[in-house]
Amino acid sequence: LTWNAVVKMLNNPKFLISQLNKNKDLMENNKTEEFEQLKILEKQLSDLVKEESRLILAYQKGFMNEDDVKIPLNGIKDSKMPIIVNIGKLREELKDSKVMDISQKDVKYFCKIIQSKLLNLNFEEKRQILKLLIKEILFDGVSKKLKIRGYLPIKKDYQKLLRLNQTGNIKDIILKN
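Residues numbered from 1 in each chain as written. Predicted model: local features only at pLDDT ≥ 70, side-chain atom pairs only at ≥ 80, totals over all residues. Heavy atoms only, no water.

Chemist: I'd like a description of the overall build of the protein chain, backed by residues and values.
Modeler: Summing up its helical and strand segments, the protein chain has 7 helices and 2 strands in all. The burial tally for the protein chain puts 28% of its 177 residues in the buried class. Once local pairs closer than 6 in sequence are excluded, the contacts in the protein chain between residues at least 24 apart make up 67%. Counting only carbon and sulfur atoms, one obtains 54% of the accessible surface of the protein chain, whose full area is about 12,500 Å². (Helix = DSSP H or I, 4+ residues; strand = E, 2+ residues; numbered from the N terminus. Buried < 20%, exposed > 50% of the residue type's maximum accessible area, 1.4 Å probe, protein only. Contact = heavy atoms within 4.5 Å. Areas by Shrake-Rupley, 256 points an atom, 1.4 Å probe, with all protein chains shown as cover.)

Chemist: Summarise the pairing of strand β2 (residues 145-150); cite the residues concerned and give the values.
Modeler: Here strand β1 (residues 134-140) pairs with β2 via 6 bridges, running antiparallel. Residue Ile134 lies in a different strand from β2, and its bridge partner there is Gly150. Adjacent in sequence and paired antiparallel, β1 and β2 are bridged by 4 residues, among which Lys144 carries a positive phi angle near 55°. (Pairing = 2+ DSSP bridges.)

Chemist: Account for the confidence of the model for the protein chain, with residues named and values stated.
Modeler: Here the protein chain averages 78 in pLDDT, and 78% of its residues register 70 or above. Within the protein chain, helix α7 (residues 171-174) has the poorest average pLDDT of any element, 50, and helix α3 (residues 66-96) the best, 90. (pLDDT = per-residue confidence, 0-100.)

Chemist: Tell me what's going on with the nonpolar core, and back it up with residues and numbers.
Modeler: In terms of nonpolar packing, the biggest core is built from 16 residues, with Leu10, Leu118 and Leu133 touching the most fellow members. Elements with a contribution of two residues or more to this core: α1 (2-10), α2 (13-60), α4 (104-117) and α5 (123-133). If we skip the residues at most four places from it in the chain, Leu118 touches Trp3, Val7, Leu10 and Ile129. If you look at the next biggest cluster of nonpolar residues, it comprises 11 residues, including Leu45, Leu55, Ile83 and Leu90. (Core = buried A, V, L, I, M, F, W, Y, C linked by side-chain atoms within 4.5 Å.)

Chemist: Please give an account of α5 that cites residues and values.
Modeler: Inspection of α5 places Glu125, Gln128, Ile129, Leu132 and Leu133 among the buried residues, and these make up the whole buried set. Taken down its axis, α5 places every buried residue within 125° of arc, on the same side. Turned more than 90 degrees off the buried face of α5, the exposed positions are Phe123 and Lys131. For α5, the N-terminal cap is Asn122; the gap from its side-chain oxygen to the backbone nitrogen of Glu124 is 3.0 Å. (Arc of directions from axis to C-beta. Polar contact = N/O pair within 3.5 Å; in protein donor to acceptor, adjacent residues only side chain to side chain.)

Chemist: Tell me what's going on with the environment of Glu93, and back it up with residues and numbers.
Modeler: Tracing the backbone shows Glu93 in helix α3. Of the residues examined, Glu93 reaches a relative accessible area of 39% and is grouped as partly exposed. In the structure, Glu93 is positioned 62 residues away from Lys31 in sequence and 8.8 Å away in space, judged by C-alpha atoms.

Chemist: Summarise a nonpolar patch on the surface; cite the residues concerned and give the values.
Modeler: A cluster of nonpolar side chains, namely Ile137, Phe139 and Leu146, defines an oily patch on the protein surface of about 270 Å² accessible area. Inspection of the secondary structure puts Ile137 in strand β1. (Patch = residues over 30% accessible without salt bridge, like charges linked within 9 Å, V, L, I, M, F, W, Y side chains within 5 Å. Salt bridge = Lys/Arg side-chain N within 4 Å of Asp/Glu carboxyl O.)

Below you can see the structure in the form of structure tokens.
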């Protein structure tokens, strides 16, 4: 069932291109939301650091004694930690969520090469291709449709595609360098 869905998808480069564009738009929108969240967290952290500095300055100038400063400083320290952790996570997510610019030409080339190779594969080769292409498969019980999320080895694995096209051996694309 999954193999047939993948073959159908690979035989329809226009569908793949539309899905890639849709995914690219979703990722860019998500990135904008993450940037906004990052700005908010950085402002909160900046405000806490300023408040911490004011308290320390007040203590240094003798306006507050040590006991009066200790409790608010501990509260600020406790408030800063989750913000710092969340800022780190968001920065990591933004770094990892690079939107790849995949051209229609690249998708069509990939589909053209792989289509001719899909006809004469044994079970193990099919399994390897599925492992290479598919990240997750979701089944909607209501609509009874499969949703396949995956990866097209277009940019990063371009050399493998060229080897596959030259040799005709599907193992050139499924074996790791």
